[in-house]
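Single-letter residue listing:
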Amino acid sequence: MTSNNRPDQIEEVKNIFSAYLEKKDLRKTNERFHILEEIYSRHDHFEAESLYTDIRKKNFNISRATVYNTLELLISCDLIKKHQFGKNLAQYEKSYGYKQHDHIICVDCKKVVEFCDPRIQQIKSMMGELLNFKITHHSLNMYGVCGSCQKKRELEAANKKEVEVN
């Protein structure tokens, strides 16, 4: 994940979230801000359930519903993004201060790799111009089999052949 890695970033996202909650006339609870801090201390894509589990492991008493509801609030104020990478479970990632990027997802182990290629921006600009669209954002997800899973598949295929021969 590409990041500015600024030490003051957590304060910036807290201020954005605080202003958003005020604007929507919602309560500023310690739980909501603790969830925000936990998310911005991560460097991965995560599922809501794993976030909940990680917070509970740190002996912070929080309900599952609070985690899910806070995730929705953070999506609404554009501090996190929600992805469906071809699975039933949604995955999330922080978005404030992060450059546009795309994803390659392994269909076997579900590993998500981020990449950024300037040619995609060029295509986006060209297609917007050509089709008279003002493109506001995009999402590109590619699916395949990572190197580790390819080796695992090859090993399994070799073992299967060996069993068939014997």
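The model shown is predicted, which means the values in this text are computed figures rather than measured ones.

### Looking at the side chain of Arg-32
Reasoning step 1: One can find Arg-32 in helix α2 (residues 30-40).
Reasoning step 2: Within the buried core, Arg-32 has no salt-bridge partner, and the shortest N-O distance to an opposite charge, that of Glu-31, equals 7.4 Å.
Reasoning step 3: A polar side-chain atom of Arg-32 sits 2.4 Å from the main-chain carbonyl oxygen of Arg-27.
Reasoning step 4: Excluding its chain neighbours within four sequence positions, the residues that come into contact with Arg-32 are Phe-17, Leu-21, Leu-26, Arg-27, Thr-70 and Leu-73.

### Some words on the layout of surface pockets
Reasoning step 1: Taken as a whole, the largest pocket encloses approximately 320 Å³ of empty space.
Reasoning step 2: Lys-81, His-83, Glu-93, Gln-100 and His-138 are the residues nearest the centre of the largest pocket, which is lined by 16 residues in total.
Reasoning step 3: Here the element with the most residues in the lining of the largest pocket is strand β1 (residues 80-83); it accounts for three residues.
Reasoning step 4: The residue inventory of the lining of the largest pocket, partitioned by class, reads two nonpolar, eight polar and six charged.

### Observations regarding the confidence of the model for the protein
Reasoning step 1: With 95% of its residues at a pLDDT of 70 or more, the protein has an overall mean of 88.
Reasoning step 2: Put simply, strand β4 (residues 112-115) is where the protein has its lowest mean pLDDT, 86, and helix α4 (residues 64-76) is where it has its highest, 96.
Reasoning step 3: Low pLDDT, under 50, characterises residues 1-5; the stretch is placed with 13 contacts to residues that sit more than four places away or in other chains.

### Quick notes on the pattern of salt bridges
Reasoning step 1: Tallying each qualifying case throughout the model produces 11 salt bridges.
Reasoning step 2: Close ionic contact of Glu-38 with Lys-58 constitutes a salt bridge, the shortest N to O distance being 2.8 Å. You can see Glu-38 sitting in helix α2 and its partner Lys-58 sitting in the loop between α3 (48-57) and α4, a full 20 residues away along the chain.
Reasoning step 3: Overall, the relative accessible area of 8% leaves Glu-38 in the buried class.
Reasoning step 4: The closest approach of N and O atoms between Asp-78 and Lys-81, which form a salt bridge, is 2.8 Å.
Reasoning step 5: Given the relative accessible area of 45%, Asp-78 is considered partly exposed.
Reasoning step 6: Residue Lys-81 is classed as partly exposed on the basis of its relative accessible area of 36%.
Reasoning step 7: Several salt bridges converge on common partners, so that one network encompasses Glu-11, Lys-14 and Glu-37.

### Brief notes about the side chain of Asp-102
Reasoning step 1: Within the element layout of this structure, Asp-102 appears in strand β3 (residues 102-106).
Reasoning step 2: Buried Asp-102, no salt bridge; nearest opposite-charge side chain is Lys-124, N-O distance 8.4 Å.
Reasoning step 3: A polar contact of 2.9 Å, which involves the side chain of Asp-102, links it to the side chain of His-138.
Reasoning step 4: Polar contacts involving the side chain of Asp-102 include one to the main-chain amide nitrogen of Leu-140, which spans 3.3 Å.

Definitions and limits used
Residues numbered from 1 in each chain as written. Predicted model: local features only at pLDDT ≥ 70, side-chain atom pairs only at ≥ 80, totals over all residues. Heavy atoms only, no water. Helix = DSSP H or I, 4+ residues; strand = E, 2+ residues; numbered from the N terminus. Buried < 20%, exposed > 50% of the residue type's maximum accessible area, 1.4 Å probe, protein only. Lys, Arg positive; Asp, Glu negative; His and termini not counted. Salt bridge = Lys/Arg side-chain N within 4 Å of Asp/Glu carboxyl O. Polar contact = N/O pair within 3.5 Å; in protein donor to acceptor, adjacent residues only side chain to side chain. Contact = heavy atoms within 4.5 Å. 1 Å grid on protein atoms, 1.4 Å probe; cavity = no way out; pocket = protein on both sides within 12 Å on 5 of 7 lines; lining within 4 Å. Points joined across faces, edges and corners; volume = space filled by probe spheres on them. Nonpolar A, V, L, I, M, F, W, Y, C, P; charged D, E, K, R; others polar. pLDDT = per-residue confidence, 0-100.

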